[in-house]
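Overview (structure and organization)
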Amino acid sequence: MAKAITLTGVGVASLRLSEIPDAVAGPGEILIAVEAASINPVDRAAVDPGYGDKMPGSAPWILGWDLAGRVTALGSGVDDIAVGDRVLGFSQWFKGGPGLHRSLVALPRDNVAVAGDAVPADELTTFGLNGLTALQVLDAAGLEEGQTLLVIGASGGVGGFVAQLADSRGITVLTAGRDTPPADFAGMELDGLINTAPADPTSYLEAVRDDGVATSVTTPAEAERGIRSSRVGVRVDRAGLETVAGLAERGVLRTTVAAAYPAEQAAWAFEADGSAGRIVLTF
Ligand SMILES: NC(=O)c1ccc[n+]([C@@H]2O[C@H](COP(=O)([O-])OP(=O)(O)OC[C@H]3O[C@@H](n4cnc5c(N)ncnc54)[C@H](OP(=O)(O)O)[C@@H]3O)[C@@H](O)[C@H]2O)c1
């Protein structure tokens, strides 16, 4: 039997370490022994306060959007990855994919990237959801080398990767957080902003030049002065995941893990302070 963190209701008291049947790799799938899986804000919110009737399907739920682990078996048709490979994985449990807070999972080939052994598993998993989101939102902004960008929420999981990625592309990056008033940036004529904070970025728009760009992974800014405003929702993207895994392996993208908890201590992990880095479950 495999292990999973299951959620039966609202609050950490509704989390259990449960036994579940072993997954098997179907056609086009990869079976992965999970070493580590992040707790992201979207998982925390699912536990408390919960998403009510927006939760997919019915209880018990298995949460978790990313993993680091090792390939243990391959489904038919998968021939470019090997048993024993270290991998980074991504799955949208909110949209019908399997939640990744479990010890063994089968994922479609497109949800997996080979990652090498340079980055420890508890760090590697944090690149799955947040690294992929950062890549997709920065690509959507379409900024180029030499341009200027304000990242709101840059001390967070997504924002930290956006800032590092943009810097690696030769974009000049300014950062804002909860304690940085929009007035600090007013009139700077920046080429764009990316909002990764649980906040409305509209008040930061005065930092962006006419016809600039404002992308967000949370609330989009209200467009004005020809500024192109949009919200990006992360999507399955094999090439993007491979790009992120490669950047992590080469040390171009770095991450901060605040603490790793064994799956047996999931309730403590969900209550732990993640403001200084990601909280990770290990299996
Ligand atoms: N659209 C998608 O596909 C997608 C994908 C992944 C994540 N998300 C969402 O993106 C958000 C960020 O995720 P995360 O993992 O990066 O979260 P996180 O690690 O908790 O970081 C949140 C960041 O937002 C900042 N912040 C909080 N309140 C703020 C405010 N009122 N004004 C300005 N900055 C503020 C925090 O800065 P301080 O240090 O100043 O508090 C921190 O830097 C979450 O809401 C998450 O659900 C969306």
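So, a few notes on the structure that sits alongside this text. None of these values were measured; they are calculated from a predicted model. (Residues numbered from 1 in each chain as written. Predicted model: local features only at pLDDT ≥ 70, side-chain atom pairs only at ≥ 80, totals over all residues. Heavy atoms only, no water.)

**Topic: the sheet that holds strand β1 (residues 2-7)**
The sheet built from three strands is open, its strands ordered β2-β1-β4 with antiparallel pairing. Strands at the two margins of the open sheet, each flanked by one partner only, are β2 (15-20) and β4 (61-62). Looking at chain direction, β1 and β2 are connected through six bridges and run antiparallel. Each residue of the ladder has a partner; that of Thr6, found in β2, is Arg16. (Pairing = 2+ DSSP bridges. Helix = DSSP H or I, 4+ residues; strand = E, 2+ residues; numbered from the N terminus.)

**Quick word on the sheet that holds strand β10 (residues 172-176)**
Spatial ordering of the open sheet is given by β10-β9-β11-β12-β13, a layout of five strands whose pairing is parallel. Every other strand in the sheet has two partners, leaving β10 and β13 (228-231) as the edge strands with one partner each. The sheet shows a mean angle of 15° between the axes of neighbouring strands, taken without regard to direction. As paired elements, strand β12 (residues 208-216) and β13 share four bridges and run parallel to each other. Residue pairing across strands places Val213 opposite Arg228, the latter belonging to β13. Across the sheet, helix α3 (residues 129-141) is in contact with β9 (148-152), β11 (190-195), β12 and β13; its angle to β12 comes to roughly 155°. Sitting on the sheet, helix α4 (residues 157-168) is in contact with β9, β10 and β11, with an inclination near 165° to β9. (Axes fitted to C-alpha atoms, helices over the stretch in contact; angles between N-to-C directions. Contact = heavy atoms within 4.5 Å.)

**Some points on the site of the ligand**
Residues in contact with the ligand amount to 22 residues; listed here are only the nearest, Ser155, Val158, Arg178, Val234 and Arg278. In the environment of the ligand, an oxygen atom lies 3.0 Å from a nitrogen or oxygen atom belonging to the backbone of Gly156. Gly157 places a polar main-chain atom, nitrogen or oxygen, 2.9 Å from an oxygen atom of the ligand. Among the elements of the structure, α3 and α4 are those that each provide at least two residues to the shell around the ligand. Each residue belonging to the shell around the ligand can be placed in one class, and the counts come to nine nonpolar, 10 polar and three charged. (Near = heavy atom within 4 Å. Polar contact = N/O pair within 3.5 Å; in protein donor to acceptor, adjacent residues only side chain to side chain. Nonpolar A, V, L, I, M, F, W, Y, C, P; charged D, E, K, R; others polar.)

**Here we look at the packing of α3 against helix α5 (residues 238-249)**
The interhelical angle for the contact between α3 and α5, taken along N-to-C directions, is 110°, at an axis separation of 9 Å. Viewed along their axes, α3 and α5 adopt a mutual orientation that is roughly perpendicular. Crossing angle aside, the handedness with which α3 passes α5 is right-handed. Contacts between α3 and α5 pair Gly131, Leu132 and Leu135 from the former with Gly240, Leu241, Thr243 and Val244 from the latter. Split by residue class, the contact of α3 with α5 holds four nonpolar, three polar and no charged. (Parallel < 35°, antiparallel > 145°, perpendicular 65-115°, else oblique. Left-handed = near helix turned anticlockwise from the far one by under 90°.)

**Focus on the side chain of Asn111**
Along the chain, Asn111 turns up in the loop between β7 (104-108) and β8 (112-114). When its relative accessible area of 8% is taken as the criterion, Asn111 is described as buried. A distance of 2.8 Å separates a polar atom in the side chain of Asn111 from the backbone oxygen of Phe90. If near-sequence neighbours (up to four positions away) are discounted, Asn111 is found in contact with Leu88, Gly89, Phe90, Ser91, Val236 and Leu241. (Buried < 20%, exposed > 50% of the residue type's maximum accessible area, 1.4 Å probe, protein only.)

**Details of the pairing of strand β5 (residues 66-74)**
In terms of strand pairing, strand β3 (residues 29-39) meets β5 through six bridges, oriented antiparallel. Counted as the bridge partner of Ala36 is Ala68 from β5. Judged from the five bridges that link them, β5 and strand β6 (residues 86-90) form a sheet pairing that is antiparallel. Bridge pairing in β6 links Leu67 to Gly89.

**Re the pattern of salt bridges**
Enumeration according to the criterion identifies 14 salt bridges in this entry. As a salt-bridge pair, Asp210 and Arg225 come within 2.8 Å of each other at their nearest N and O atoms. Here Asp210 is found in strand β12, whereas its partner Arg225 is found in the loop between β12 and β13, with 15 residues between them in sequence. A relative accessible area of 35% places Arg225 in the partly exposed class. Between Glu242 and Arg238 there is a salt bridge, with its nearest N and O atoms 3.6 Å apart. Here the residue Glu242 and the residue Arg238 both occupy positions in helix α5, the gap between them amounting to four residues, near one helical turn. By relative accessible area, which is 27% here, Arg238 ends up partly exposed. Three or more residues are tied together by salt bridges with common partners; here these are Asp80, Arg109, Asp110, Arg238 and Glu242. (Salt bridge = Lys/Arg side-chain N within 4 Å of Asp/Glu carboxyl O.)

**Structural notes on the packing of aromatic side chains**
Aromatic ring pairs: the centre-centre distance and the angle between the two ring planes describe each pair. As enumerated under the stated definition, the model contains five aromatic pairs in all. Pairing Trp65 with Phe90 gives two aromatic rings, centres 6.3 Å apart and planes at 50°, and the pair type is tilted. A residue pair is termed long-range when its members are at least 10 positions apart, and Trp65 in the loop between β4 and β5 and Phe90 in strand β6 qualify at 25 residues. The same class applies to Trp65 and to Phe90, which are both buried. Grouping aromatic residues by their ring pairs yields a cluster made of Tyr51, Trp93 and Phe94. (Phe/Tyr/Trp six-rings, centres within 6.5 Å; stacked < 30°, edge-to-face > 60°.)

Read these as geometric descriptors, not functional statements.
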